[in-house]
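Architecture at a glance
Spelled out, the chains give:
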Amino acid sequence: MIIIAGGIKGGSGKTTVATNLAVIRAGQGNDVLLVDADDQETATDFTNLRNEQDGVANRYTSIKLTGAAVRTEILKLRTKYQDIIIDTGGRDTTSQRAAMTIADVLLVPFVPRSFDVWTLEKVSALVEEMRTVNPKLQACSFLNRADPRGQDNADAGEVLRDCSALSFIDLQLGARKAFSNAAAQGMSVTELRHADPKAISEILLLYKYIFDTENISERYQQAGA
Ligand SMILES: Nc1ncnc2c1ncn2[C@@H]1O[C@H](COP(=O)(O)OP(=O)(O)OP(=O)(O)O)[C@@H](O)[C@H]1O
Ligand SMILES: [Mg+2]
């Protein structure tokens, strides 16, 4: 499966999601390629940091690609890996578009804040445009850095649920220090010595949702997209 962590908003959690999924998926014994398609190279920094840690197995392969090469190189590599996870930058870039021409799933995290949710319309238009070249592209939205309380999660969820181009995954990653602490050590939240059970359970729910392909297809069809 080729999965993109994308969208057009900076800081929404794309790299957090891409790296956690890559670590967990590879840890389950799958051949995973993590593609850094963001010129900021945060996913590559994560991998470099990870490689310096003692006692942390780096079971995935990491490469950096940009522009049209995201498509051409992945097309060559796709048979060599079970899963390819592509981290993109927080803008509508050639790299992200190239990824969307060949991906199975686009995952778009949204922070439950107005400026973030306002990008939904543009993401939706982008997805519909890319489906003209890649009709199999499934697109999913979900909340990241969700608030522990208050109305904002529900309000943002309502807007996301109303979008027909992206199907809303009704699970969320809370705003938890474990996510940033893990990233700072080149680890997934599942690997932290001081484990945060809530963060682990949230990322595993997302993981299970995504890699249960039937689940994704079903939801996608229900969304009428
Ligand atoms: N659920 C979360 N809880 C707490 N902190 C988070 C969470 N998700 C992401 N962060 C933190 O928020 C910041 C932005 O996250 P991340 O780098 O994953 O976003 P991004 O979408 O990849 O950003 P960019 O657009 O710059 O590539 C990071 O410092 C990260 O550790
Ligand atoms: Mg990033």
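Notes on the structure in this doc start here. As the structure is a prediction and not an experimental result, all values here were calculated from the model.

Around ligand 1, a shell composed of 17 residues is seen, among which Lys14, Thr15, Thr16, Asn144 and Gly174 lie nearest. One of the backbone nitrogen or oxygen atoms of Gly13 is found 2.9 Å away from an oxygen atom of ligand 1. Here Gly174 contributes a backbone N or O atom positioned 2.8 Å from a nitrogen atom of ligand 1. The fraction of the free accessible surface of ligand 1 (630 Å²) that becomes covered by protein chains is 79%. Mapping ligand 1 onto the cavity grids shows that it belongs to the largest pocket. Taken together, the elements giving at least two residues each to the shell around ligand 1 come down to α1 (14–27), β6 (138–146) and α8 (177–184). Along the lines of polarity and charge, the residues of the shell around ligand 1 split into 2 nonpolar, 11 polar and 4 charged.

Looking now at the sheet that holds strand β3 (residues 61–64). Strand order in the open sheet formed by 7 strands is β3-β2-β4-β1-β5-β6-β7, and the pairing between neighbours is parallel. Edge positions in the sheet fall to β3 and β7 (167–174), since each of these pairs with one other strand and no more. The mean inter-strand angle of the sheet, taken between neighbouring strand axes irrespective of direction, is 20°. Packed on one face of the sheet, helix α6 (residues 120–131) meets β5 (105–110) and β6 and runs near 175° to β5.

Once that is clear, we can look at the side chain of Asn134. Looking at where Asn134 falls in the secondary structure, it is placed in the loop between α6 and β6. Excluding its chain neighbours within four sequence positions, the residues that come into contact with Asn134 are Met100, Thr101, Ile102 and Ala103.

Enumeration according to the criterion identifies 11 salt bridges in this entry. Close ionic contact of Asp147 with Arg113 constitutes a salt bridge, the shortest N to O distance being 2.7 Å. On the criterion of sequence distance, the pair formed by Asp147 in the loop between β6 and α7 (152–161) and Arg113 in the loop between β5 and α5 (114–117) is long-range, its members being 34 residues apart. Exposure remark for Asp147: the relative accessible area of 16% places this residue in the buried category. With a closest N to O distance of 3.2 Å, Arg113 and Asp152 form a salt bridge. Of this pair, Arg113 sits in the loop between β5 and α5 while Asp152 sits in helix α7, and the two are 39 residues apart along the sequence. Put simply, Asp92, Arg97 and Glu129 are held in one network by salt bridges that share partners.

What follows concerns helix α2 (residues 42–52). Of the residues making up α2, those classed as buried are Ala43, Thr44, Phe46, Thr47 and Arg50. Looking straight down α2, one finds its buried side chains confined to an arc of 155°; they lie on one side. On the buried face of α2, the contacting elements are α1, β2 (32–37), β3, β4 (83–88) and α8.

In this section: unusual backbone geometry. Backbone geometry places Glu41, a non-glycine residue, at a positive phi of 60°. A positive phi angle, near 55°, is found at Arg145, a position not held by glycine. For Arg145, the position within the fold is in strand β6. Owing to a relative accessible area of 48%, Arg145 belongs among the partly exposed residues under this scheme.

Turning our attention to the layout of surface pockets. Estimates place the volume of the largest pocket at around 510 Å³. Along its surface, the largest pocket is lined by 27 residues, and Gly11, Gly13, Lys14, Thr15 and Thr16 are the ones closest to its centre. At the level of elements, α1, α2, β6 and α8 are the ones that each hand at least two residues to the lining of the largest pocket. No other element matches α1, which puts 5 residues into the lining of the largest pocket. Grouping the constituent residues of the lining of the largest pocket by class yields 6 nonpolar, 16 polar and 5 charged.

Parameters at a glance
- Residues numbered from 1 in each chain as written.
- Chains lettered and ligands numbered in written order.
- Predicted model: local features only at pLDDT ≥ 70, side-chain atom pairs only at ≥ 80, totals over all residues.
- Heavy atoms only, no water.
- Near = heavy atom within 4 Å.
- Polar contact = N/O pair within 3.5 Å; in protein donor to acceptor, adjacent residues only side chain to side chain.
- Areas by Shrake-Rupley, 256 points an atom, 1.4 Å probe, with all protein chains shown as cover.
- 1 Å grid on protein atoms, 1.4 Å probe; cavity = no way out; pocket = protein on both sides within 12 Å on 5 of 7 lines; lining within 4 Å.
- Sits in = over half its atoms within 2 Å of the grid points.
- Helix = DSSP H or I, 4+ residues; strand = E, 2+ residues; numbered from the N terminus.
- Nonpolar A, V, L, I, M, F, W, Y, C, P; charged D, E, K, R; others polar.
- Pairing = 2+ DSSP bridges.
- Axes fitted to C-alpha atoms, helices over the stretch in contact; angles between N-to-C directions.
- Contact = heavy atoms within 4.5 Å.
- Salt bridge = Lys/Arg side-chain N within 4 Å of Asp/Glu carboxyl O.
- Buried < 20%, exposed > 50% of the residue type's maximum accessible area, 1.4 Å probe, protein only.
- Arc of directions from axis to C-beta.
- Points joined across faces, edges and corners; volume = space filled by probe spheres on them.

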